[in-house]
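Structural overview for review
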Amino acid sequence: MHNLAVGVVGGGGHVGLVQAAGLASLGYYTIAYDLNAAWIKELQKGNVPFYEPGLAELVQSGLKSKLLEFTNKIERLKKVDLAYICTGTPSLPGGRAELLQVENAATAIARTVQKRVVIAVKSTVPVGTARRLSRMLGQLHLSEKAVLVSNPEFLSEGSAVNDFWHPSRIIIGAADPEAAEMVAGIYAPPQVPVIKTSWENAELIKYGSNAFLALRISFVNLLARLCEKSGGDIRVVSKGMGFDPRIGPSYLEAGVGFSGPCLEKDLRSLISQFQDAGEEAPLLEAALYINQRQRHLVVSKLKESLGDLKGKKIAVLGLAFKPGTDDLRDTHTLPVIEQLVFAGAEVTVHDPMLTLISWPRQMSAFLPDLRWASSPYEAAEGKDALLILTAWPEYRDLDPAKLKSCLANPLVVDGRNLFEPAAMAAQGIDYLGVGIGTEAGR
Ligand SMILES: NC(=O)c1ccc[n+]([C@@H]2O[C@H](COP(=O)([O-])OP(=O)(O)OC[C@H]3O[C@@H](n4cnc5c(N)ncnc54)[C@H](O)[C@@H]3O)[C@@H](O)[C@H]2O)c1
């Protein structure tokens, strides 16, 4: 066991819980503090309130070792040496990141601790935030109690536990070298680059990374349009591009676009940071525009084939923003489903991780008229079309012949390019992927 005590504020959330359980398994006494009392109660019993592969096991072993504590009482943090802030930074209506949770967390930690604490901000915050928080703590006469470090998080939901153990890099922005050293010393596997830099650079590395990933996806989706018009096949085009070592293969898949709690939110926030700096960001605006357009294109494809959607029965496969999670925050699937419902379609949904039981908890009264299916085939039964929105591996394994026999009208619009068009055509399915031109699709 290490002799540092660690606090994680927002320790019940997607980032904080992985951080807290991971640190406990490294031997740090870790206190995960969260305002969500219901989640804390479940976590104290070893129940993880959302799906993340491998996380329940990590939490349960942390509880068993007695190195992991869950609490909704801030006083429990009074003796920690290091406190991570992992609270949310949701988008405000104009795209700016809402920083209230982070500000409250920083103030609460500094007010609670009995000795000087290092506060490491893992939340994604706009450039200038750490400097501003530091100034804010000074104005509250709390700067003697707390020193700020920017330590952005790069995990991806669905592979978060693996990402904790195998980070691509560790970024530490600090004005105080000792504090930077402390954060770097917590966990830095050999071979993993550690960059110690300024607050501003650390904050910009996070936004630059996420915006760049978003740009790649939008670029490929843009190229996908030309493929559709010209008889090309974006799957082959992006594969060919990805072999270039200067480009690489990841984030080059065409489809219905990116979504979820990070890429779109961070892109919007970065655009607003440019605006606040008096600068334009047309490249980022275009990426956002293309991404929004992808959501309309899949619905347009349904309309082109079916005509008016009023009264049409559509099966939707996938609700989570990506496979491996049950997270619905800012998912692309809901705006697409909304378009279908508003056009008068009767929508039946399936998702391997989300059920009618979890739906009301997550989405309250949103789209109450949705129907639920317990399997993809059940969803397809008697429908006028099937629309695929999330690339769950089990959808890839669906049998085209069985799908055809379930559907009343054999139309599949695939927003994730999971199938071989020729195999679908061989079964008599009218298959429309993204970026697959007519010649390529034959
Ligand atoms: N989810 C991801 O994949 C991911 C990846 C990298 C970075 N991030 C960033 O990490 C941050 C957290 O994201 P998340 O997805 O874990 O959010 P989340 O909503 O899952 O978790 C945030 C948690 O903070 C708690 N909280 C809010 N204010 C609090 C306070 N004052 N005191 C104690 N607890 C408080 C909430 O109850 C919630 O459980 C965001 O800035 C996000 O952009 C997220």
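Residues numbered from 1 in each chain as written. Predicted model: local features only at pLDDT ≥ 70, side-chain atom pairs only at ≥ 80, totals over all residues.

1. So, the overall build of the protein chain
Counted only if it meets this: What counts as a helix is a DSSP run of H or I of at least four residues, what counts as a strand is a run of E of at least two, and both are numbered from the N terminus. Throughout, the radius of gyration refers to the C-alpha atoms, and the reference size of a globule is 2.2 Å times the residue count to the power 0.38. The exposure label follows from counting other C-beta atoms within 10 Å of a residue's C-beta, where the C-beta atoms are placed from the backbone and the thresholds are 20 or more for buried and 12 or fewer for exposed, leaving partly exposed in between. Any two residues are considered in contact once their C-beta atoms, placed from the backbone, lie within 7 Å.
Helix and strand content of the protein chain: 18 helices and 14 strands. Here the C-alpha atoms of the protein chain give a radius of gyration of 23 Å, agreeing with the 22 Å that 2.2 N^0.38 yields for 442 residues. Taken along the three principal axes of its C-alpha coordinates, the protein chain extends 70 × 45 × 40 Å. When each of the 442 residues of the protein chain is scored for burial, the buried share is 46%. Taking all contacts inside the protein chain whose residues are at least 6 apart in sequence as the whole, residues at least 24 apart take part in 73%.

2. Section: the domain arrangement of the protein chain
Test applied: All the domain ranges listed were derived from an automatic or database domain assignment. Side-chain classes follow a simple rule in which Ala, Val, Leu, Ile, Met, Phe, Trp, Tyr, Cys and Pro form the nonpolar group, Asp, Glu, Lys and Arg form the charged group, and the remainder, Gly included, forms the polar group.
Per the domain assignment, the segments of the protein chain are domain 1 (5-197) and domain 2 (210-441). Facing 16 residues of domain 1, the contacting portion of domain 2 comprises 14 residues. Its residues assigned to classes, the side of domain 1 that touches domain 2 shows seven nonpolar, six polar and three charged.

3. A closer look at the site of the ligand
Heads up, the rule is: Here, nearness means that the C-beta atom of a residue, built from backbone geometry, sits within 6 Å of the molecule or strand in question.
Residues in contact with the ligand amount to 27 residues; listed here are only the nearest, Gly10, Gly13, His14, Val15 and Ser123. Here the shell around the ligand is composed, by residue class, of nine nonpolar, 14 polar and four charged.

4. Some words on helix α1 (residues 14-25)
We count it as follows: Helix span is expected to be 1.5 Å times the residue number reduced by one.
End to end, α1 covers 17 Å across 12 residues, agreeing with the expected 16 Å (1.5 Å per residue, within 8%). Of all 12 residues that make up α1, 12 are buried, and the element is covered over most of its length. On its buried face, α1 sits against β1 (5-9), β2 (29-33), α3 (55-65), β3 (68-71), β4 (82-85) and α6 (160-165). Positive backbone phi, at 105 degrees, marks Gly27, one or two positions downstream of α1.

5. Things to note about the sheet that holds strand β5 (residues 117-121)
Counted only if it meets this: Here, strands pair whenever DSSP counts at least two bridges between them. Lines are fitted to the C-alpha atoms to define the axes, a helix being fitted only along its stretch in contact, and any angle between axes, read from their N-to-C directions, falls within 0 to 180 degrees.
In space, the eight strands of this open sheet follow the order β3-β2-β1-β4-β5-β6-β7-β8, with mixed pairing throughout. Looking at the sheet topology across the chains shown, the edges are occupied by β3 and β8 (194-197). Direction aside, neighbouring strands of the sheet carry axes that sit 25 degrees apart on average. With five bridges joining them, β1 and β2 adopt parallel strand pairing. By the bridge assignment, Val8 is partnered in β2 with Ala32. In the packing of helix α5 (residues 129-139) onto the sheet, the strands contacted are β5, β6 (146-150) and β7 (170-174), and the crossing angle to β6 comes to about 170 degrees.

6. Some words on the packing of helix α11 (residues 282-306) against helix α12 (residues 333-342)
The criterion, for reference: Throughout this description, any angle smaller than 35 degrees is read as roughly parallel, any larger than 145 degrees as roughly antiparallel, any in the 65 to 115 degree range as roughly perpendicular, and the remainder as oblique. Left-handed describes a crossing whose near helix is turned anticlockwise from the far helix by less than a right angle; the clockwise case is right-handed.
Where α11 meets α12, the axes come as close as 10 Å, and the angle between the chain directions of the two elements is 40 degrees. Taken together, α11 and α12 sit at an angle that is classed as oblique. Relative to α12, the crossing made by α11 is right-handed. Residues Arg295, Val298 and Val299 of α11 pack against Pro335, Val336, Gln339 and Leu340 of α12.

7. What to know about the sheet that holds strand β12 (residues 385-388)
To summarise the sheet geometry, strands pair through backbone hydrogen bonds and adopt either a parallel or an antiparallel arrangement. With parallel pairing, the six strands of this open sheet are ordered in space as β11-β10-β9-β12-β13-β14. With one partner strand each, in any of the chains shown, β11 (371-372) and β14 (430-432) form the two edges of the open sheet. Sheet topology note: the strand β9 (residues 313-317)/β12 ladder contains four bridges and is parallel. In the strand pairing of β12, Ile314 is matched with Ala385. The strands touched by α11 within the sheet are β9, β12, β13 (411-414) and β14, with β13 carrying the most contacts at an inclination of about 160 degrees.

8. A look at the pairing of β2
Quick note on the threshold: When the strands point away from the viewer, a crossover counts as right-handed if the path from the first strand over the helix to the second runs clockwise.
Where burial is concerned, most of β2 is hidden: five out of the five residues are buried. Of the two faces of β2, the one lined by Tyr29, Ile31 and Tyr33 and the one lined by Thr30 and Ala32 are each fully buried. With α1 bridging β1 and the parallel β2, this β-α-β connection has right-handed handedness.

9. Focus: the pairing of β3
Side chains Leu68 and Phe70 project from β3 onto a buried face, and the interleaved Glu69 and Thr71 project onto a face without burial. The sheet contact formed by β2 and β3 spans four bridges and is parallel. Bridge pairing links Ala32 to Phe70 in β3.

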